[in-house]
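Letter by letter, the chains look like this.
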Amino acid sequence: MEAAPPAGPGAPQPHPQPQAQGSADPVAGLLHRLRGKLFTWNILKTIALGQILSLCICGTAITSQYLAEKYKVNTPMLQSFINYCLLFLVYTVMLAFQSGPESLLHILKRKWWKYILLGLADVEANYLIVRAYQYTTLTSVQLLDCFGIPVLMALSWFILYARYRVIHFVAVAICLLGVGTMVGADILSGREDNSGSDVLIGDILVLVGASLYAISNVCEEYIVKKLSRQEFLGMLGLFGTIISGIQLLLVEYKDIASIHWDWKIALLFVAFALCMFCLYSFMPLVIKVTSATSVNLGILTADLYSLFFGLFLFGYKFSGLYILSFTVIMVGFILYCSTPTRTAEPAESSVPPVTSIGIDNLGLKLEENLQETHSAFL
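Computed from a predicted structure; not experimentally measured.

Parameters at a glance
Residues numbered from 1 in each chain as written. Predicted model: local features only at pLDDT ≥ 70, side-chain atom pairs only at ≥ 80, totals over all residues. Heavy atoms only, no water. Core = buried A, V, L, I, M, F, W, Y, C linked by side-chain atoms within 4.5 Å. Buried < 20%, exposed > 50% of the residue type's maximum accessible area, 1.4 Å probe, protein only. Helix = DSSP H or I, 4+ residues; strand = E, 2+ residues; numbered from the N terminus. Contact = heavy atoms within 4.5 Å. pLDDT = per-residue confidence, 0-100. Axes fitted to C-alpha atoms, helices over the stretch in contact; angles between N-to-C directions. Parallel < 35°, antiparallel > 145°, perpendicular 65-115°, else oblique. Left-handed = near helix turned anticlockwise from the far one by under 90°. Nonpolar A, V, L, I, M, F, W, Y, C, P; charged D, E, K, R; others polar. Polar contact = N/O pair within 3.5 Å; in protein donor to acceptor, adjacent residues only side chain to side chain. Disulfide = S-S within 2.5 Å.

A word on the nonpolar core. Of all hydrophobic cores here, the largest spans 55 residues; its most connected members are Leu53, Leu87, Tyr115, Met235, Phe269, Tyr280 and Val295. Among the secondary structure elements, those contributing two or more residues to this core are α2 (41–70), α3 (76–96), α4 (104–132), α6 (148–159), α8 (199–226), α9 (229–251), α11 (263–289) and α12 (292–298). For Tyr280, the contacting residues outside a window of four places in its chain are Asn83, Tyr84, Leu87, Asp122, Asn126, Leu233 and Leu236. In this structure, Ile62, Leu304, Tyr305 and Tyr336 belong to the second largest nonpolar core, which totals 29 residues.

What follows is the structure, given as structure tokens:
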């Protein structure tokens, strides 16, 4: 066989093609890493859980609005009282049949005053937000209600020792931008015209209610992750029933007496109570695998679901900004969930004060580590 002649000086070199392929590899690798980081099974599961909570909130909003507009029934405390009664009948009774340190009597002996404050914060948060609609505009409620998110992050920083990264603040800003887009759509559609009698009082009620929601959510995250879901819901059902029952007799007895009961009104009350009960029962499960901040970002879409249902039930005007708002909120939510927060040990703890990976989105971090190990091996 005749040997091939040696390549001369003018012969083409086979190096440019591998170089072009090598220059394209970083871009493809970056896209692959972004896809693996932002669209993992854990993030998709977190998104789905958050939207289930949003649908529960949407159910409570639709039933309340239907009661108010069609039947002229405005009894937020009565509706909350029914929900707390359901929590009492299910979770408080469960605690009553337990023994040992997790029993109802043992918990009451050690922490009764703490759960009174928690029940007071939760009851008044629900009441103040609903009552604010009588004084201020829908736009103000939607905007000022977001005040609870920075309050929640601040409380998580000092109480739960959560440590955020830059991407978390960017994600929260994107979510708030989506809320602003939704408010702009409301203004264009004319839904902000139903202003109440005193805007300043309504705005103050929203800010106080949002802050109380933040306190309740931080306490819920601590109890669910450190103690148990049954203890949180059982104690909330017990003291929520007592507090809301007393307030019900003080502020709403005339409104309740004026209701002309029929099966439709009763059915709306039942639907509201079931949606609220599902929300309270399911939210601790979601908070346990993510965080209170992550849950509050995910449920920002609840107003949008209510608007979509309102297109058919209440004749709302559709705007493409609603779709844009939903997209922006979801982008911010995905960014927030893509990177786990960290938990710093308190100074008085026996553990050395070294920052470590916290519980928040722990499944996401485990999956990220597995992917990095697999990439390093390859």
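After that view of the structure, there is still more to cover.
Now for the confidence of the model for the chain. In the predicted model, the chain carries a mean pLDDT of 79, and the fraction of residues at 70 or more is 78%. Looking across the chain, the model is least confident in strand β3 (residues 356–357), with a mean pLDDT of 37, and most confident in α9, with 94. Low pLDDT (under 50) marks residues 1–12, which in the prediction has zero contacts with non-local residues, meaning those over four places away or in another chain. Across residues 349–378 the pLDDT falls below 50, and counting only partners more than four positions away or on other chains, this stretch makes 42 contacts in the model.

Put simply, helix α13 (residues 302–313) and helix α14 (residues 320–338) touch, their axes get as near as 10 Å, and they point 155° apart. Between α13 and α14, the crossing angle belongs to the class labelled roughly antiparallel. Pair α13 / α14 crosses with left-handed handedness. Here Leu304, Tyr305, Leu307 and Phe308 of α13 lie close against α14, whose contacting residues are Tyr322, Ile323, Ser325, Phe326 and Ile329. Tallied by class, residues from the contact of α13 with α14 come to eight nonpolar, one polar and no charged.

With that settled, consider the packing of α2 against α14. For the pair α2 and α14, interaxial distance at closest approach is 10 Å and the crossing angle is 130°. The orientation of α2 with respect to α14, classified from their angle, is oblique. The handedness of the crossing between α2 and α14 is right-handed. Note on element contacts: α14 touches α2 through Phe326, Met330, Phe333, Ile334, Cys337 and Ser338, opposite Ile43, Thr46, Ile47 and Gln51. Class assignment for the residues of the contact of α2 with α14 results in seven nonpolar, three polar and no charged.

This part is about the side chain of Ser103. Mapped onto the secondary structure, Ser103 falls in the loop between α3 and α4. Exposure remark for Ser103: the relative accessible area of 11% places this residue in the buried category. Engagement of the side chain of Ser103 in a polar contact is seen with the backbone oxygen of Gly100, the distance being 2.8 Å. Look past the residues within four positions of Ser103 in its chain and what remains in contact with it is Leu95 and Gln98.

The subject of this paragraph is the state of the cysteines. The full count for this structure, using the stated rule, is zero disulfides. Here Cys58 is not cross-linked by a disulfide; its sulfur's nearest cysteine counterpart is in Cys275, at 8.3 Å. Free cysteine Cys175: the closest other cysteine sulfur is in Cys337, separated by 8.8 Å. Cys175 sits in the buried class, given a relative accessible area of 0%.

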